[in-house]
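Working through the structure, step by step
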Amino acid sequence: MIAGSDPSGKSGRTKVSVTRGTDATAVSVNGGRVDAVRVTGSSIVVAVGEGKDTELVEVGATSGKELHRARIKDLAASLDITPTPAGWLVYAENTVTRVNPATGESKQFGLPGTLQDS
């Protein structure tokens, strides 16, 4: 998996594109910065930094079609993402946010100190 952002920094709604090759799958983002990418079975989830917020975008791994999207307000950058049965965990320096991309619901938890590893 190769992931990257459009260096031109185009504004507007974030668009995630998937290009499948024989040796690798490329994920590109237009309208934000790729902070984290995770593949789960038939989908790819990308955490995209957009100014003060983060968008969690789920696309089909083969089709590249957008499946779900959720915005996390006031989370400028994520360090990593992890799938759980209750949704996705989005890690930041001092918080962990549980996000359900299908519903857009999120709940943020403060950490007792700075995150060391995720």
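Residues numbered from 1 in each chain as written. Predicted model: local features only at pLDDT ≥ 70, side-chain atom pairs only at ≥ 80, totals over all residues. Heavy atoms only, no water.

1. Overview of the overall build of the chain
Let me state the cut-off plainly: Helix and strand definitions here come from DSSP, where helices need a minimum of 4 consecutive H or I residues and strands a minimum of 2 consecutive E residues; each element is numbered from the N-terminal end. We call a residue buried when its accessible area falls under 20% of the maximum for its residue type, exposed when it is over 50%, and partly exposed in between, using a 1.4 Å probe and counting protein chains only. Per-residue accessibility takes into account occlusion by the displayed protein chains alone, with areas from the Shrake-Rupley method and a 1.4 Å probe.
Of regular secondary structure, the chain possesses zero helices and 11 strands. The secondary structure elements of the chain, listed N-terminal to C-terminal, are β-β-β-β-β-β-β-β-β-β-β. Taken over 118 residues, the chain has a buried fraction of 38%. Carbon and sulfur atoms make up 49% of the accessible area of the chain, which amounts to about 6,600 Å² in all.

2. Digging into the pattern of salt bridges
Note the cut-off: By salt bridge we mean one thing: a side-chain nitrogen of Lys or Arg within 4 Å of a carboxyl oxygen of Asp or Glu.
What the rule picks out here adds up to eight salt bridges. Note that Arg71 and Glu50 form a salt bridge whose closest N and O atoms lie 2.6 Å from each other. Note that Arg71 is positioned in strand β7 (residues 66–72) and Glu50 in strand β5 (residues 43–50), a separation of 21 residues in sequence. Here Glu55 ties to Arg71 by a salt bridge, and the two come within 2.9 Å at their closest N and O atoms. Of the two residues, Glu55 is situated in strand β6 (residues 53–60) and Arg71 in strand β7; the sequence distance between them amounts to 16 residues. Looking at Glu55, the relative accessible area reads 5%, which means it is buried. One continuous salt-bridge network, built from bridges that share partners, spans Glu50, Asp53, Glu55, Glu66, Arg69, Arg71 and Lys73.

3. A short note on the nonpolar core
Using the following cut-off: Throughout this description, the term nonpolar core refers to a set of buried Ala, Val, Leu, Ile, Met, Phe, Trp, Tyr and Cys residues connected via side-chain atoms within 4.5 Å. Any pair of residues with heavy atoms lying within 4.5 Å of one another is described as a contacting pair.
In terms of nonpolar packing, the biggest core is built from 12 residues, these being Ala36, Val45, Ala47, Leu56, Ala70, Ile72, Leu75, Ile81, Trp88, Val90, Ala92 and Val99. Where this core is concerned, the elements lending two or more residues are β5, β7 and β9 (87–91). Setting aside chain neighbours within four positions, we find Val45 in contact with Ala36, Val37, Arg38, Leu56, Val57, Glu58, Ile81 and Trp88. Core analysis: the next-biggest nonpolar cluster, separate from the first, contains 10 residues, Val16, Val18, Val29 and Val59 among them.

4. Quick look at the sheet that holds β7
Applicable threshold: Whether two strands pair depends on DSSP finding at least two bridges between them. Lines fitted to C-alpha atoms define the axes here, with helix axes fitted over just the stretch in contact, and angles between the N-to-C directions of these axes take values from 0 to 180 degrees.
Strand order across the open sheet formed by four strands is β4-β5-β6-β7, with antiparallel pairing between neighbours. Unpaired on one side and paired on the other, β4 (33–40) and β7 mark the two borders of the sheet. On average, adjacent strands in this sheet sit at an angle of 15° to one another, irrespective of strand direction. Sheet topology places β4 next to β5; seven bridges connect them, and they run antiparallel. The residue bridging Ala36 from the neighbouring strand is Ala47, located in β5.

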